[in-house]
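Spelled out from the first residue to the last, the chains are:
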Amino acid sequence: MKKLLKMLLILFSIYLLIQIAFKFWGNGHEVSYQIKIDDKTFDIKEVYKSNTEDEIDSYYFNISYNNNKFSFQTYELFKNAEQVIKNIKYFENDNYKCLLPVFSQDIIIMDIMCLKDGNIIYYHNIKGNDVELDNFANTLNISKYDLEKWTNDKTNPNKQGVITIYPKNVLDNHYIGINNYKGINILNNNNKNLISQIGLFSNDVYKRDLEVMISHFYVVADYNSNHEFNKFYIVDLISNKKDVISSNKNISFDSYIQGVVKGSIYIYDEVNKKQYEVDIDAKTILEVGNSSTKILNYSNGSFDRVDISELSNKKLIFTNGETTTSDSKYARIDTIVQGETGYKYYYEQVSGGYDVYRAPNRTPELKTYLFKIKKLDNIKYVYDFVYFVDGDEVKYYNDSYGLKTLFKNEEFDFNESLKYTVYIKR
């Protein structure tokens, strides 16, 4: 009997270990469940995707009630749990049908979602338009629902030279590089006064095309040189440390960056007809392509080689999983991450700029209105954050925060070639 109990205990322990391993290292789950609130029954489909190549770990939800569907996606992970929606607050009148999902431990990751004209719009974008809806939002009995979290708080600005930072909108684990004429400023919560300056060049450099972000590293050619260079500066946006990668060959400034693949930057020198790989980890610059060996091209997840003649009339840029198209309604459609867990961003031209919508790749027909933007320049997508330049300000959008102004750079008014970079540590 003791042997049997011991064997059962061992088998049960093995079963538990397998379940734990599957939960944390498996590919996720797909479950359907219901939540009943008063006389309303909400049908929920929950899909958690994890540890899947070319996908982002994320949750996707489809909530149905009375033939109305609310579909949304989030990169919040909820410790890989199942059935993470615990409560639903619902409002309906002649103008709107609105829903607020409440997650485990009363967590709120987005504002009230309202269906209007076939799209979803968040309550903070229509606040004050409907008295009944305002009363619903103001009387929600949820401790962690606070409409102020979606307010763009620009109080107590911190001015550092030409840059004005709005401290209330600086997020932990967000590292922002801001070009200045002799180097780069680094903005994050770890820096004294929020910002530090890294000098790179002895003279002012007004335009630098040979620069790129790779993970948390800002990489730029040595613009102290003229016509040709043989080294790159590397700045770690987390540690604020500077490093150098050198080559025994000179590279023309008439070069361009083709793309970034697995920790390496690929550059094509149009004057010398040579291709270089800059390996950040190994700190090497290697010639990997020329007229004899042909030129490396990266597409659909693999390398091949193309004849150098194909680069004579057009630049060879690697495909990175993002595509930009347009149609009769939207001036621009950006697809970020090609798989199921990516997003599509839609830009509809209206008076004074563009209305911005977003939809999960799974359900591109159900769009959510996000914000309005004046110009389609300097837009950066990092996970589910959108950063962009608005005049002399850099702003960001995320469902959990709404639209925020991060900083203002007075030099943006005088030099459109000044850039910024973003890294988010997860």
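See the structure printed just above.
Throughout, a residue's number is its position along its own chain's written sequence, starting from 1. With pLDDT at 70 or above as the cut-off, local features in this predicted model cover only qualifying residues; side-chain atom pairs require 80 or more to be listed or tallied, and sums for whole chains, interfaces and linings still use all residues. Side-chain measures here rest on the full set of heavy atoms in the structure, leaving out hydrogens and waters.

**Q** What am I meant to see in the side chain of Asp399 here?
**A** Under the DSSP-based scheme used, a helix requires at least four consecutive residues in state H or I and a strand at least two consecutive residues in state E, with every element numbered from the N terminus. For Asp399, the location among the structural elements is in the loop between strand 31 (393-398) and strand 32 (402-409). Under the scheme applied here, a residue whose accessible area is under 20% of the maximum for its type counts as buried, over 50% as exposed, and between as partly exposed, the area being computed with a 1.4 Å probe on protein chains only. When its relative accessible area of 8% is taken as the criterion, Asp399 is described as buried. Pairs of N or O atoms within 3.5 Å make up the polar contacts considered here, provided that, within protein, one atom can donate a hydrogen while the other can accept it, and that residues adjacent in sequence are counted only when both atoms are side-chain atoms. Among the polar contacts listed, one links the side chain of Asp399 to the side chain of Tyr122, at a separation of 3.3 Å. There is a polar contact of 2.8 Å between the side chain of Asp399 and the side chain of Arg358. Apart from residues lying up to four places away in sequence, Asp399 is in contact with Ile109, Met110, Asp111, Tyr122, Trp150, Arg358 and Leu370. Two residues form a contact once any of their heavy atoms are found within 4.5 Å.

**Q** Can you help me understand the sheet that holds strand 32 in this one?
**A** By definition, the strands of a sheet pair up through backbone hydrogen bonds, in either a parallel or an antiparallel sense. Strand pairing is assigned whenever DSSP detects at least two bridges linking the two strands. In space, the 6 strands of this open sheet follow the order 9-10-32-31-30-29, with antiparallel pairing throughout. Edge positions in the open sheet fall to strand 9 (158-160) and strand 29 (380-382), since each of these has one partner strand only. On average, adjacent strands in this sheet sit at an angle of 25° to one another, irrespective of strand direction. The sheet contact formed by strand 31 and strand 32 spans 6 bridges and is antiparallel. Across the sheet, the residue bridging to Tyr396 is Lys404, located in strand 32. Fitted lines through C-alpha atoms serve as axes, helices being fitted only where they are in contact, and the angles separating the N-to-C directions of these axes extend from 0 to 180 degrees.

**Q** For this particular structure, what's the right way to read the layout of surface pockets?
**A** Sizing a probe to match a water molecule and rolling it over the atoms shows the empty space that remains. Method remark: on a 1 Å grid restricted to protein atoms, a set of points is classed as a cavity if a 1.4 Å probe fits but cannot get out and as a pocket if it is open with protein on both sides within 12 Å along at least five of seven lines; lining residues have an atom within 4 Å of a point. Grid points are joined across faces, edges and corners, and a volume is the space filled by probe spheres set on the points. In this structure, the second largest pocket spans a volume of roughly 410 Å³. Lining the second largest pocket are 23 residues; nearest its centre among them are Glu76, Asp384, Phe385, Asn398 and Tyr401. Looking at the lining of the second largest pocket residue by residue, the class counts come to 10 nonpolar, 6 polar and 7 charged. Throughout this entry, Asp, Glu, Lys and Arg are counted as charged residues, while Ala, Val, Leu, Ile, Met, Phe, Trp, Tyr, Cys and Pro are counted as nonpolar. The remaining residues, Gly among them, count as polar.

**Q** Would you mind going over the state of the cysteines with me for this structure?
**A** Covalent bonding between the sulfur atoms of two cysteines defines a disulfide. Put simply, a disulfide is two cysteine sulfurs that come within 2.5 Å. The final tally for this structure, using the stated rule, is 1 disulfide. Put simply, Cys98 and Cys114 are joined by a disulfide, and their sulfur atoms are 2.1 Å apart. For the disulfide bridge between Cys98 and Cys114, the dihedral angle about the S-S bond is near 110°, and by the sign convention the bridge is right-handed. One end of the pair, Cys98, is in strand 6 (residues 97-103); the other, Cys114, is in strand 7 (residues 113-116), and 16 residues separate them in sequence.

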